[in-house]
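Summary of the model geometry
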Amino acid sequence: MRKAEVKMIKAVIIGFAHMHVNEVALYISEQPDFELVGAADVDSGVESIPDLRYTAKWNLENVQKNYCSNIFDDYKKMLDELNPDIAFIMTENCMKPEVVDECAKRGINVSIEKPIAVSYEEAKKIKASVDKYKIEAVVNWPVVWRPYIHQMKAALDEKLVGEPLKLRYINGHTGPLGKGAKHRGVSENAEEMTDEQRSKTWWHKEKFGGGVYLDICCYGCLFSQWFMGDGAESVMSVGENLNTPFGDTDDNFAAIIKYADKMSVIEGTWTTPRAVIPSGPMVMCSNGVITCTGGAENAPGVAAYDIYGNEVDVPEIKIDDKYKNMPWQWANHINTGEPIHEMLTLDTNMKVMALLDAAIRSNKNGVAAKVEK
C-alpha cells in the first residue's frame, strides 16, 4: 500500500522526435510515485514520412497505446490545463530552448533528453530560462543508469591503477533509424527505410540538430567531463559524411580533447554498430588501464590491468533504485531531498555542452577550438 503522505508526481511528455521517448514513458509507468497525465508533440517543421517504427508518429502512437491516452494537439495548452510537476522533453534538439522556456515561465520543472541543446549558445538560453523562473532542470543521459559505468567511475576515484591520463571512447550504430536499429522500450528493430525517407527525418538535417556529433560525440564529452574532470582547454575534431549522402550531417567523427596534463580521444560512427566494434570507455592511467568491456549488447563489465598486463580486481559496488532511470532519480530527489546526480545537473551539462560545442566548431573551422568557460 502507498504511503498516504507521498504525493504523486504528475509528469507530461513533450515531443516524440527522439525514440528514447518509448523507454522514458515505460519508466514513468513503472515508477510508483509517478503519473503520466498527458503528452503532446511539437511542430518543428520536419517533413512527414510514413509512421515507420521509431519515427515521431510511430513513437506517439506507441506511447498513446501503451502508456498515456491523453494526447494534446498543443503542448502549451496541455501545460496550462494539467499544470504538471515535471515535463520530459523529447523534441528535436533545435526545439529545446523554446520548450524549456514555455515550461519555465509556468513554473514547471524539466527533464531534457541528452544533449542539452545544439550549441553552447542555445544551452545558455536554457540556463537563462531556468535561472529566471527558478525551476529545476535535469538532463537525461542513458549511460548514467548503467551500473558498470558507476563501477568504473568508483575504480577511477579510488586510483585503482593510478592517476587517469587518457580517456578513449568509441561508440557506434547504423544511425538512429539505420539498418537493424533497436532502442530500449521497444522489442522490435527499426523497419527498413529508403534513403529518401531517411533524408526527410530530423536526424539527418543539421538545422534540426541532427548528425553524429549531437547523437554520439555528446556521450564522449560526458565521459570526458565525468572521468577526467574540469580543465579541458581545447578540442580538435574532424567529421565526415561517409555513407549517408542523402543528409547534410556528418555520420562519422574523431575528436581529441586537450587538458594541461591529460587528454580524451573520442570517436563515433553511424556506419558500424557497437556490436561489432570494441565500444565503451577506456581510461589509461599512470599504473595501468580500466576498461568497460563488451558494450551494451554483449554483457558489459569492467576490467582493470596493471602496467605489466596483470588483471586487477575491480571492487563491486551496490547501485540503489534511484539509479534505475530518471523517474526513479527524480522521485528520490523529491521524496528525500537528496541532490540529483552531478552528471544530470544543468551546471555540469553546461560544461559537457562546452566540450561538444568546441568539437563541432573545430570540425567546421578546421582548427582546434577553445572550450568556453
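Heads up: the structure comes first, above all this text.
For the structure given in this document, a descriptive report is provided here. (Residues numbered from 1 in each chain as written. Predicted model: local features only at pLDDT ≥ 70, side-chain atom pairs only at ≥ 80, totals over all residues. Heavy atoms only, no water.)

**Section: the sheet that holds strand 14 (residues 311–312)**
Read across the sheet, 9 strands follow the order 14-13-12-11-7-10-9-8-15 without closing on themselves; strand pairing throughout is mixed. Each edge of the sheet is formed by a strand with only one pairing partner; in this case those strands are strand 14 and strand 15 (369–370). Where strand 9 (residues 252–258) lies against strand 10 (residues 263–269), 7 bridges are found, and the strand directions are antiparallel. Looking across to strand 10, one finds that Ala-254 is bridged to Glu-267. (Pairing = 2+ DSSP bridges. Helix = DSSP H or I, 4+ residues; strand = E, 2+ residues; numbered from the N terminus.)

**Some remarks on a nonpolar patch on the surface**
Taken together, the side chains of Met-236, Ile-256 and Met-263 define a hydrophobic patch exposed on the protein surface, amounting to about 230 Å² of accessible area. Along the chain, Met-236 falls in strand 8 (residues 234–240). Classification of Met-236 by relative accessible area gives partly exposed; the value is 36%. (Patch = residues over 30% accessible without salt bridge, like charges linked within 9 Å, V, L, I, M, F, W, Y side chains within 5 Å. Areas by Shrake-Rupley, 256 points an atom, 1.4 Å probe, with all protein chains shown as cover. Salt bridge = Lys/Arg side-chain N within 4 Å of Asp/Glu carboxyl O. Buried < 20%, exposed > 50% of the residue type's maximum accessible area, 1.4 Å probe, protein only.)

**Looking at the sheet that holds strand 2 (residues 34–40)**
Sheet architecture is open: 6 strands sit in the order 3-2-1-4-5-6, paired in parallel fashion. At either margin of the open sheet sits one strand with a lone partner, and together these are strand 3 (71–72) and strand 6 (137–140). Note that strand 2 and strand 3 share 2 bridges and pair parallel. Each residue of the ladder has a partner; that of Ala-40, found in strand 3, is Phe-72.

**Focus on the pairing of strand 6**
The two faces of the sheet receive side chains in turn, since in a regular strand these alternate between them. With burial as the criterion, each face of strand 6 is covered, one bearing Ala-137 and Val-139 and the other bearing Val-138 and Asn-140. Handedness of the crossover is the feature at issue here: the chain leaves strand 5 (residues 109–113), passes through helix 5 (residues 120–133), returns alongside strand 6, and the resulting connection is right-handed. (Right-handed = clockwise from strand over helix to strand, strands pointing away.)

**Side note on unusual backbone geometry**
Here Lys-114 and Pro-115 are connected by a cis peptide whose omega angle stands at -15°. You can see Pro-115 is positioned in the loop between strand 5 and helix 5. Positive phi, normally seen in glycine, also occurs at Tyr-54, with a value near 80°.

**Examining a negative patch on the surface**
On the surface, a cluster of negative charge is made up of Asp-51, Glu-61, Glu-188 and Glu-191. Within the secondary structure, Asp-51 sits in the loop between strand 2 and helix 2 (56–66). Judged by its relative accessible area of 34%, Asp-51 is partly exposed. (Lys, Arg positive; Asp, Glu negative; His and termini not counted. Charge placed at Lys NZ, Arg CZ, Asp CG, Glu CD.)

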